[in-house]
Amino acid sequence: MAERLSPRAILDKLVSFPTVSSDTNLPLIEWVQDYLTSHGIESHQHPHETDPAKAGLVAHVGPDIEGAIVLSGHTDVVPVEGQPWSTDPFEVVEKDGKLFGRGTCDMKGFDALAVWAIVEGHYSDLKRPLQLALSYDEEIGCTGAAPLIETMNKHFPRGSSTIVGEPSMMGAVTGHKGGQGFNVHVRGFEVHSSLMHTGVNAIMYGAKLIEWANEMNAENRAKEAGPVAATFEPSWTTVHVGMIEGGTAHNITALDCHFGLDFRIVPDESRDDWIARFKAKVAEVEAEMQAVVPESHIALQEKFYVPGLMPEEAGEAEALVRQLTGDNASRVVSYGTEGGHFQDAGYSTVICGPGDIAQAHQPDEFLSVAQFEAGKGFMQKLIVACS
Ligand SMILES: [Zn+2]
């Protein structure tokens, strides 16, 4: 019989693959698939739409029926360049009760526990199935989750609850804001600045959109928060511009201005409404530009979309996690996850995973041995609950 690896041995292996979001994750996916296959577990790769160097992986154990609990993790990690690491980031180094390595906390620790639980579940007499969903590109906009869910449902009976193992110190996190990002390109018309009334200064028109973001933040902050929004810090939808470039000289009206404008939307406000309001403002500014030079324009490119996670009333996933962890605190977080995609696809969804988000993306990222053990205990109880 094939060897059953410990969670720690699986973690060592997963961390050894440098699956930075910009690079391939295939060696990791193939290793997991081979490992599952060696135990007779069916799994399927989900190839990336455009990048042949990336794939997701889905697996199912237990009876061939609907209602599985899905264990969802991403396989990509953030870069290590420029970070002062004291150890090799792609090797798990245990020191002072901590497991150091890129992704140990976010979130290969959970991935390792999920792979371990799938194999343990396979050898248990499960009455309720477990499914594994390993994705790519989470760190660059959660774009891998939605198509992965489709692939999962093509091959296996549909699951009903999802546990997204982002670091939450093994507590239940039931909500987060949604994210919506745009690349904005304002295309103006160049003239000598002494004749600026005949040109279209892309920077100065772009500034009107940025000022709109300031106005929206002030307005949102001033209004009373809805019941879900009130649990967030801050309790309102924020509009943020984090980078900008444009123009070529002091005395030329700028031809181009590029900036990124991102929304973090509280779950009780509508993404569509915010997009519509933003586009209405863009149309207004564009009309002013085109009144001067008809060819000038503003182009919007959707950069990412991370649906918010809405706390569920009497959610099954939340109830399950509370039952297994004994955690009764209500908690929402400000980081985005793939949970919103699962919830959008009809799954009851909760976030629960080992480690502290404060460790994620840091040099010398670590997962405490105690949290990893707590995660293993959680998986053991999960298997019992499904048996
Ligand atoms: Zn993560």
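It should be noted that the structure appears before, not after, this text.
What you are looking at is a predicted structure, and each value in this text was computed from that prediction instead of being measured.

A.B. asks: Can you walk me through the coordination of the zinc ion in this structure?
C.D. replies: Tetrahedral coordination by four donors sets the ideal angle at the metal to 109.5 degrees; octahedral coordination by six donors sets it to 90 or 180 degrees. Each protein donor to the zinc ion is listed here as H74 (NE2), D106 (OD), E166 (OE) and E166 (OE); together their distances run 1.9 to 2.5 Å. Coordination at the zinc ion comes from four donor atoms whose angles at the metal span 54 to 138°, giving a geometry best classed as irregular. Here the donor residues of the zinc ion share one chain and are spaced in sequence as H-x31-D-x59-E. On the criterion of sequence distance, the pair formed by D106 in helix α3 (residues 104-122) and E166 in the loop between β7 (161-164) and β8 (175-176) is long-range, its members being 60 residues apart. The same class applies to D106 as to E166, namely buried.

A.B. asks: What is the right way to look at the state of the cysteines in this model?
C.D. replies: Formally, a disulfide is one covalent bond, and it connects the sulfur atom of one cysteine to the sulfur atom of another. One pass over the full model with this rule turns up zero disulfides. C352 provides the cysteine sulfur closest to C386, a residue in no disulfide bond, and the two sulfurs are 14 Å apart.

A.B. asks: Is there a simple way to think about the packing of helix α7 (residues 316-325) against helix α9 (residues 369-385) in this case?
C.D. replies: The N-to-C vectors of α7 and α9 enclose an angle of 115°; their axes lie 10 Å apart at closest approach. In this structure, the crossing between α7 and α9 has a hand that is right-handed. Here L320, V321, L324 and T325 of α7 come into contact with α9, specifically with F378, K381, L382 and A385. Each residue belonging to the contact of α7 with α9 can be placed in one class, and the counts come to six nonpolar, one polar and one charged.

A.B. asks: Looking at this model, I keep getting lost on the sheet that holds strand β11 (residues 256-265). Mind explaining?
C.D. replies: Each strand in a sheet pairs with another by means of backbone hydrogen bonds, the pair being arranged parallel or else antiparallel. The four strands lie next to each other as β10-β11-β9-β12, forming an open sheet whose pairing is antiparallel. A strand with exactly one partner marks an edge of an open sheet, and here the two such strands are β10 (238-246) and β12 (297-306). Going across the sheet, the axis of each strand differs from the next one's by a mean of 15°, ignoring polarity. In terms of strand pairing, strand β9 (residues 178-187) meets β12 through nine bridges, oriented antiparallel. By the bridge assignment for β12, V186 is matched with I298. Packed onto the sheet, helix α5 (residues 202-222) meets β9, β10, β11 and β12 and runs at close to 15° relative to β11.

A.B. asks: Honestly, helix α6 (residues 271-292) in this entry has me stumped. Any pointers?
C.D. replies: Residues spaced three or four apart along an α-helix point in a common direction, a consequence of the helix completing one turn every 3.6 residues. Over its 22 residues, α6 runs 32 Å from end to end, which matches the ideal 32 Å to within 8%, given 1.5 Å per residue. All buried positions along α6 are accounted for by W274, I275, F278, K281, V282, V285, E286 and M289. Angularly, the buried residues of α6 cover 135° about the axis, an arc narrow enough to put them on a single face. In α6, the exposed residues that point more than 90 degrees away from the buried face are D272 and A291. Where α6 is buried, its residues touch β9, α5, β11 and β12.

Cut-offs used in this document
- Residues numbered from 1 in each chain as written.
- Predicted model: local features only at pLDDT ≥ 70, side-chain atom pairs only at ≥ 80, totals over all residues.
- Heavy atoms only, no water.
- Donors = N, O, S within 2.8 Å, 3.2 Å for Na, K, Ca; no water.
- Tetrahedral: all angles 85-135°; square planar, octahedral: opposite > 155°, others 65-115°.
- Helix = DSSP H or I, 4+ residues; strand = E, 2+ residues; numbered from the N terminus.
- Buried < 20%, exposed > 50% of the residue type's maximum accessible area, 1.4 Å probe, protein only.
- Disulfide = S-S within 2.5 Å.
- Axes fitted to C-alpha atoms, helices over the stretch in contact; angles between N-to-C directions.
- Left-handed = near helix turned anticlockwise from the far one by under 90°.
- Contact = heavy atoms within 4.5 Å.
- Nonpolar A, V, L, I, M, F, W, Y, C, P; charged D, E, K, R; others polar.
- Pairing = 2+ DSSP bridges.
- Expected span 1.5 Å × (residues − 1).
- Arc of directions from axis to C-beta.

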